[in-house]
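One letter stands for each residue in the lines below.
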Amino acid sequence: MATYSEIQKAVRVEKFRIWFAWACGAWVGIGVIGTTQDIRIWGVVTQIVFGGLGVLATVAAVRMTNALNRRAEASRREVLGSDWQ
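Residues numbered from 1 in each chain as written. Predicted model: local features only at pLDDT ≥ 70, side-chain atom pairs only at ≥ 80, totals over all residues. Heavy atoms only, no water.

Draft legend 1. Representation of the side chain of Thr 65 within the structure. Position of Thr 65 among the secondary structure elements: in helix α2 (residues 40–80). Of the residues examined, Thr 65 reaches a relative accessible area of 11% and is grouped as buried. Residues contacting Thr 65, with those up to four places away along its chain left out, are Lys 15, Ile 18 and Trp 19. (Helix = DSSP H or I, 4+ residues; strand = E, 2+ residues; numbered from the N terminus. Buried < 20%, exposed > 50% of the residue type's maximum accessible area, 1.4 Å probe, protein only. Contact = heavy atoms within 4.5 Å.)

Draft legend 2. Broad picture of the packing of helix α1 (residues 4–36) against α2. Between α1 and α2, whose axes approach to 10 Å, the crossing angle comes to 180°. The angle between α1 and α2 places the two elements in the roughly antiparallel class. Counted by class, the contact of α1 with α2 contains 18 nonpolar, ten polar and three charged residues. (Axes fitted to C-alpha atoms, helices over the stretch in contact; angles between N-to-C directions. Parallel < 35°, antiparallel > 145°, perpendicular 65-115°, else oblique. Nonpolar A, V, L, I, M, F, W, Y, C, P; charged D, E, K, R; others polar.)

Draft legend 3. How the structure looks around the packing of aromatic side chains. Taken as a whole, this structure holds two aromatic pairs when the rule is applied. Look at Phe 16 and Phe 20: their rings are 5.7 Å apart centre to centre, the planes differ by 20°, and that puts the pair in the stacked class. Of this pair, Phe 16 and Phe 20 both sit in helix α1, separated by four residues, roughly a single helical turn. Here Phe 16 falls in the exposed class, since its relative accessible area comes to 57%. The class of Phe 20 is partly exposed, set by a relative accessible area of 48%. Plain terms: the ring middles of Trp 19 and Trp 22 are 5.6 Å apart, the flat faces sit at 70° to each other, and that makes the pair edge-to-face. With Trp 19 and Trp 22 both in helix α1 and three residues apart, the pair spans about one turn of that helix. Relative accessible area serves as the criterion here: at 30%, Trp 19 is assigned to the partly exposed category. (Phe/Tyr/Trp six-rings, centres within 6.5 Å; stacked < 30°, edge-to-face > 60°.)

Draft legend 4. Structural view of the nonpolar core. Formed by Ile 7, Val 11, Ile 18, Ala 61, Leu 68 and Ala 72, the largest nonpolar core amounts to six residues. Put simply, the parts of the chain that give this core at least two residues each are α1 and α2. In this view, Ala 61 contacts Ile 18, Trp 19 and Trp 22; residues no more than four positions away in its chain are not counted. (Core = buried A, V, L, I, M, F, W, Y, C linked by side-chain atoms within 4.5 Å.)

Draft legend 5. Just the environment of Thr 35, in detail. Mapped onto the fold, Thr 35 is located in helix α1. Since its relative accessible area comes to 62%, Thr 35 is described here as exposed. The spacing of Thr 35 and Thr 46 is eleven residues in sequence and 9.9 Å in space, taken between C-alpha atoms.

In short, shape yes, function no, at least from these values alone.
Below is the structure:
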């Protein structure tokens, strides 16, 4: 059985991975938007596409973090007992 400390470390690592991937994707998207902004219609298209993808990626990252928090809470209760708040 996992200890409370192990669960806490695993949750922290997974959250870091989720948000690091989000930040890397945002960096790439900003780079693509920046390089295509001078190309008339393609600049607008890439801004719309990457803007939409950014919103979707943010929603996905928040949902993944929330799901991870729920699973971690259940694991903590299992390890520490049901009376832990």
